[in-house]
Protein chains: 2
Amino acid sequence: MKHLYASTAAGLMALGLASLALAADLSPEEQIETRQAGYAFMAWNMGKIKANLEGEYNADQVRAAANVVAAIANSGMGALYGPGTDKNVGAVKTRAKPELFQNLEDVGKLARDLGTAANALAAAAATGEANAVKSAFADVGAACKACHQKYRAD
Amino acid sequence: MKHLYASTAAGLMALGLASLALAADLSPEEQIETRQAGYAFMAWNMGKIKANLEGEYNADQVRAAANVVAAIANSGMGALYGPGTDKNVGAVKTRAKPELFQNLEDVGKLARDLGTAANALAAAAATGEANAVKSAFADVGAACKACHQKYRAD
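Remember, it's a predicted structure, so these values are computed and weren't measured experimentally.

Criteria and cut-off values
- Residues numbered from 1 in each chain as written.
- Chains lettered and ligands numbered in written order.
- Predicted model: local features only at pLDDT ≥ 70, side-chain atom pairs only at ≥ 80, totals over all residues.
- Heavy atoms only, no water.
- Helix = DSSP H or I, 4+ residues; strand = E, 2+ residues; numbered from the N terminus.
- Buried < 20%, exposed > 50% of the residue type's maximum accessible area, 1.4 Å probe, protein only.
- Contact = heavy atoms within 4.5 Å.
- Areas by Shrake-Rupley, 256 points an atom, 1.4 Å probe, with all protein chains shown as cover.
- Salt bridge = Lys/Arg side-chain N within 4 Å of Asp/Glu carboxyl O.
- UniProt positions renumbered as here; feature names shortened; annotations may be inferred.
- Polar contact = N/O pair within 3.5 Å; in protein donor to acceptor, adjacent residues only side chain to side chain.
- pLDDT = per-residue confidence, 0-100.
- Expected span 1.5 Å × (residues − 1).
- Phe/Tyr/Trp six-rings, centres within 6.5 Å; stacked < 30°, edge-to-face > 60°.
- Lys NZ or Arg CZ within 6 Å of the ring centre and 35° of its normal.
- Axes fitted to C-alpha atoms, helices over the stretch in contact; angles between N-to-C directions.
- Parallel < 35°, antiparallel > 145°, perpendicular 65-115°, else oblique.
- Left-handed = near helix turned anticlockwise from the far one by under 90°.
- Nonpolar A, V, L, I, M, F, W, Y, C, P; charged D, E, K, R; others polar.

Below, the discussion takes up the overall build of chain A. Counting secondary structure elements, chain A contains 6 helices and 0 strands. Going from N to C terminus, chain A has its helices and strands arranged as α-α-α-α-α-α. With 154 residues in all, chain A has 49% of them scored as buried. Long-range contacts, defined here as pairs at least 24 residues apart, represent 71% of the contacts in chain A between residues at least 6 apart. For chain A, the accessible surface area stands at approximately 7000 Å², while carbon and sulfur atoms represent 54% of it.

Rendered as structure tokens:
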């Protein structure tokens with residue numbers, strides 16, 4: 001993460017928004033780190049929704065968390081699977097299997113499925129009804145798992 | 001990031017959504033990694049908006065990116081600055097200054113300012129008008145910088 005900060009985030013923020021490279025110009029290691037950041041942040045927000053479903057339900061927290069999941073799922077993360085990101089780059093490790101890069105059409109479909117499920121989750125969360133969220137949450141979890149089982153190493 | 005995946009993401013996904021700890025139960029290092037993930041993913045999306053403003057404008061990409069920035073900015077990241085996250089934890093480094101943890105009221109205000117600016121950016125992006133986005137984008141950048149200057153080490 002340090003390297004990513006040194007280039008992307010610091011370039012964007014510390015230098016007054018003037019020097020950030022185009023997204024397409026992210027190095028392979030930056031692409032790997034950025035996609036992992038997206039999944040990690042999505043996972044945190046999935047975890048909050050789960051905790052709300054199992055404990056006291058805070059509709060505002062669930063709505064905010066579902067918005068994160070939907071926004072990240074629909075952010076075009078395919079751009080972060082460019083050439084050179086199919087294997088570890090120095091200290092930056094990836095768990096993406098080689099099969100992922102050989103089946104981009106299938107991966108794209110799985111990614112769209114996730115986007116659809118995540119949008120449904122956000123819509124359910126906006127109603128504030130826990131039961132609707134519970135079902136939509138399970139669908140998002142299934143969409144995550146569908147890709148992990150095929151294309152992510154343990 | 002590896003440690004985060006081993007616990008949070010893998011716990012959520014690989015184990016069938018059954019074993020994720022409550023958000024409040026994230027370890028200090030997981031909190032640091034998760035907040036850095038959020039900022040990194042936000043930075044990637046800010047970078048895409050910047051690239052669109054400077055080059056060919058793709059309204060769909062800008063809308064998606066602005067939704068990410070707004071969702072992350074409003075995700076309650078204050079929960080990721082818990083006890084023990086004010087210093088490096090083993091190999092997990094933080095650039096948060098000690099002053100941040102001594103001025104939580106001011107930090108909260110700056111965070112709310114970011115949320116407000118990010119929501120305005122998402123609203124501008126939804127219109128598809130580049131000029132409105134340009135101004136709202138600058139406001140988000142200023143909100144980022146206001147906190148970095150005070151509370152983030154170089």
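Having seen the structure, we can now continue with the description.
Before going further, it helps to spend a moment on the pattern of salt bridges. All names here are of chain A. Summed over the entire model, instances satisfying the criterion amount to 10 salt bridges over all chains. Asp60 is the partner of Arg63 in a salt bridge, and the nearest nitrogen-oxygen pair spans 2.7 Å. Residue Arg63 and its partner Asp60 are located together in helix H3 (residues 59–73), separated by 3 residues, close to a single helical turn. Judged by relative accessible area, Arg63 falls into the partly exposed class, the value being 29%.

Residues and elements named next belong to chain A. The feature "binding site: heme c" (unreviewed entry), as annotated in UniProt, sits at Arg35, Gln36, Tyr39, Thr94, Arg95, Cys144, Cys147, His148 and Arg152 in this numbering. Examined against the element boundaries, Arg35 turns out to sit in helix H2 (residues 28–54). Within the structure, the side chain of Arg35 is placed 2.9 Å from the backbone oxygen of Leu80, a separation counted as a polar contact. Within the secondary structure, Gln36 sits in helix H2.

Moving on to the confidence of the model for chain A. All names here are of chain A. The share of residues in chain A with pLDDT of 70 or more is 84%, and the mean pLDDT across the chain is 88. Here residues 1–23 is a poorly scored stretch, pLDDT under 50, and it has 59 contacts once near neighbours within four places are set aside; other chains count. For this predicted complex, the interface score ipTM comes out at 0.86, while the overall pTM is 0.87.

Below, the discussion takes up helix H3 (residues 59–73) of chain B. The end-to-end C-alpha distance of H3 of chain B is 21 Å, a good match for the 21 Å that 15 residues give at a rise of 1.5 Å each. For H3 of chain B, the set of buried residues is Val62, Ala64, Ala65, Ala66, Val68, Val69, Ala70, Ala71, Ile72 and Ala73 of chain B. Lining the buried residues of H3 of chain B we find H2 and H3 of chain A together with helix H2 (28–54), helix H5 (104–127) and helix H6 (130–151) of chain B. Sitting at the amino-terminal end of H3 of chain B is Asn58 of chain B, which places a side-chain oxygen 3.0 Å from the backbone nitrogen of Asp60 of chain B.

The next point concerns H2 of chain A. In this model H2 of chain A runs 39 Å from its N-terminal to its C-terminal C-alpha over 27 residues, within 8% of the 39 Å that 1.5 Å per residue would give. H2 of chain A sits mainly inside the fold: 22 of its 27 residues count as buried.

Our focus in this paragraph is the packing of aromatic side chains. Scanning the entire structure with this criterion turns up 4 aromatic pairs over all chains. Aromatic pair Tyr81 of chain B and Phe101 of chain B: ring centres 6.1 Å apart, planes at 50°, arrangement tilted. Taken together, the residues Tyr81 of chain B in the loop between H3 and helix H4 (98–102) and Phe101 of chain B in helix H4 connect sequence positions 20 residues apart. Geometry around Tyr81 of chain A places Arg35 of chain A over its ring, the cationic atom sitting 4.2 Å from the centre. The positively charged end of Lys48 of chain B is found above the aromatic ring belonging to Trp44 of chain B, 3.5 Å away from the centroid.

Tracing the sequence through the fold places Met77 of chain A in the loop between H3 and helix H4 (98–102). Sequence-wise, Met77 of chain A and Ala96 of chain A are 19 residues apart; in three dimensions their C-alpha atoms are separated by 13 Å. Not counting the four nearest positions on each side in its chain, Met77 of chain A is found in contact with Arg35, Gly38, Tyr39 and Ile72 of chain A together with Phe41 and Trp44 of chain B.

Our focus in this paragraph is the packing of H2 of chain B against H3 of chain B. In a packed pair of helices, the relevant descriptors are the angle between the two axes and the axis-to-axis distance. All names here are of chain B. At a closest axis distance of 9 Å, the pairing of H2 and H3 adopts a crossing angle of 150°. When the axis of H2 is compared with that of H3, the two are roughly antiparallel. Crossing hand, H2 versus H3: left-handed. Every residue of H3 that contacts H2 at Gly38, Phe41, Met42, Asn45, Met46, Lys48, Ile49 and Asn52 is listed here: Gln61, Val62, Ala65, Ala66, Val68, Val69, Ile72 and Ala73. Classifying every residue of the contact of H2 with H3 by side-chain character gives 11 nonpolar, 4 polar and 1 charged.

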